[in-house]
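If you want the building blocks of each chain, they are given just below.
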Amino acid sequence: MKKKLIAVTAFIGLGVLLYIIAGGLTPKLPTEAVRTEGEAVNGRPLFTVEMQTLPLVESYAATTVADQTATLSARITARVAEVLVDVGDEVKSGDILLQLDNTDLDARVAQTEQAIVSSQAQLNNARKEYQRLLTLKKGNAVSQSQLDLAEANLKAMQAQARQAQASLTEAKAALGYSLITAPFDGVITRKLVERGDVASPGVAILELYNPASVVVEAAVPVSRRQLITIGDRWSVTIEGEAEPTLATVAEISPAADRGARAVTIRLSIDDEVARWPGIFSRVALQTGET
């Protein structure tokens, strides 16, 4: 009987303890909304909290590249007589950048001109002889074989004159090759020869690029391809520039890089920023809103 009483008492005590833990002795708070007075502002400024829609932006590494570049080489083998530009010089289309030694070429032109004079004289004589024999043949004063021989000689002299004229054109063209000119407006980036060096066909002597053709090139994940269209305006941050600038999507590669799983895009720069190839940049693409 005593053990039973102890068990009942313990059970009742446990129930009371659980009631207290559950907050049975704590007064209940009202469930309806209650307006309470806030802290006095005491002249401090007040602000209104508002909901705003913000863009979600992803940034991708990029670099500046020049669409228009050129590596110049000589078309003839000759010694460099004069280099008229240096690295960093700005040049205009048609400017003479380098001159090759043209002494031999001048002599070749003069020699070819003399050959034309000689061939023309022989042609004139052959033409006169043919006309003379043709007149005599009408009176049967010469044989047909003599006339045929004169005609063959006339044709040979005509061919010789044409060959001499072609040689002169070639010699003048070679003389023109002694002057290396700028193919477009640009900036010299490399000078690979100095005065006295020998320039050869196919061997680079100068390199230049057009600053106006510099664009920003970036690789964008294929998953973002559907968000890009020609003409989109992107924010571009170019290393060395204090502020971002705007650029326009001008080209989208139709094929993705299999290794990087990315498509290459090119953006034309709006502002007059540093237009040098190889500058690290970042482009910002808006992918949504929050």
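Look up a bit, the structure's there.
Residues numbered from 1 in each chain as written. Predicted model: local features only at pLDDT ≥ 70, side-chain atom pairs only at ≥ 80, totals over all residues. Heavy atoms only, no water.

### So, the overall build of the protein chain
- Helix and strand counts for the protein chain stand at three helices and 14 strands.
- Looking at the protein chain as a whole, 28% of its 290 residues qualify as buried.
- When the accessible surface of the protein chain is split by element, carbon and sulfur atoms take 55% of a total near 19,600 Å². (Helix = DSSP H or I, 4+ residues; strand = E, 2+ residues; numbered from the N terminus. Buried < 20%, exposed > 50% of the residue type's maximum accessible area, 1.4 Å probe, protein only. Areas by Shrake-Rupley, 256 points an atom, 1.4 Å probe, with all protein chains shown as cover.)

### What about the sheet that holds strand β10 (residues 214-221)?
- Taken together, six strands build a closed barrel; the order of strands is β1-β10-β13-β12-β11-β14 and the barrel is antiparallel. On average, each strand axis in the sheet is inclined to that of its neighbour by 40 degrees, with strand direction left out of account.
- Looking at chain direction, strand β1 (residues 55-66) and β10 are connected through five bridges and run antiparallel. Each residue of the ladder has a partner; that of A66, found in β10, is V214. (Pairing = 2+ DSSP bridges. Axes fitted to C-alpha atoms, helices over the stretch in contact; angles between N-to-C directions.)

### A few points about the environment of L56
- Assignment of secondary structure puts L56 in strand β1.
- Note on L56: relative accessible area 39%, which makes it partly exposed.
- Counting along the chain gives 229 residues from L56 to L285, while the straight-line C-alpha distance between them is 8.4 Å.
- Setting aside its immediate chain neighbours within four residues, L56 contacts L285, Q286, T287, G288, E289 and T290. (Contact = heavy atoms within 4.5 Å.)

### Remarks on the pattern of salt bridges
- Counting across every chain of the model gives seven salt bridges.
- The shortest N-O distance in the salt bridge between E58 and R224 comes to 2.5 Å. You can see E58 sitting in strand β1 and its partner R224 sitting in the loop between β10 and β11 (233-238), a full 166 residues away along the chain.
- Take E58: its relative accessible area is 23%, and that puts it in the partly exposed class.
- Its salt-bridge partner being E207, residue R190 comes within 3.4 Å of it at the nearest N-O pair. With R190 in strand β7 (residues 186-191) and E207 in strand β9 (residues 204-209), this pair connects stretches of sequence that are 17 residues apart. (Salt bridge = Lys/Arg side-chain N within 4 Å of Asp/Glu carboxyl O.)

### A look at the sheet that holds strand β3 (residues 78-83)
- Across the sheet, which stays open at both edges, the four strands sit in the order β6-β5-β3-β8 with antiparallel pairing between neighbours. Edge positions in the sheet fall to β6 (179-181) and β8 (198-199), since each of these pairs with one other strand and no more.
- Sheet topology places β3 next to β8; two bridges connect them, and they run antiparallel. Counterpart to R79 in the pairing with β8 is V198.

### Describing the nonpolar core
- One finds V216, V220, I228, W234, I265, L267 and V283 to be the most contacted residues of the largest nonpolar core, which totals 23 residues.
- The set of elements that each furnish at least two residues to this core consists of β1, β10, β11, β12 (245-257), β13 (262-269) and β14 (280-289).
- Excluding residues that lie within four positions of it along the chain, V220 makes contacts with Y60, I228, W234, A262, V263, I265 and L285. (Core = buried A, V, L, I, M, F, W, Y, C linked by side-chain atoms within 4.5 Å.)

### Looking at the environment of Q144
- On the secondary structure map, Q144 appears in helix α3 (residues 144-176).
- Residue class for Q144 comes out partly exposed when judged on its relative accessible area of 41%.
- Counting along the chain gives ten residues from Q144 to L134, while the straight-line C-alpha distance between them is 9.3 Å.

### Observations concerning the pairing of β1
- Pairing of β1 with β14, which is carried by nine bridges, proceeds in the antiparallel orientation. Note that in β14 the partner of Y60 across the bridge is V283.

### Some points on the side chain of T64
- Structurally, the position occupied by T64 is in strand β1.
- In this structure the side chain of T64 is engaged in a polar contact, spanning 2.8 Å, whose partner is the backbone nitrogen of I279.
- In this structure, T64 is in contact with V214, V215, V216, W276, P277, G278, I279 and S281, ignoring residues within four places of it in sequence. (Polar contact = N/O pair within 3.5 Å; in protein donor to acceptor, adjacent residues only side chain to side chain.)

### Topic: a nonpolar patch on the surface
- A contiguous nonpolar patch, built from L84, I96 and L179 and spanning about 240 Å² of accessible area, is present on the exposed surface.
- Structurally, I96 is set in strand β5 (residues 96-100). (Patch = residues over 30% accessible without salt bridge, like charges linked within 9 Å, V, L, I, M, F, W, Y side chains within 5 Å.)

### Details of the side chain of R266
- Structurally, R266 is set in strand β13.
- If we ignore the near neighbours within four places in the chain, the residues touching R266 are V65, D67, V215, V216, E217, T248, V249, A250 and E251.

### Observations concerning the environment of P183
- Among the secondary structure elements, P183 is positioned in the loop between β6 and β7.
- Overall, P183 belongs to the partly exposed group, its relative accessible area being 43%.
- Along the backbone, P183 and A70 are 113 residues apart, and their C-alpha atoms lie at a distance of 8.0 Å.

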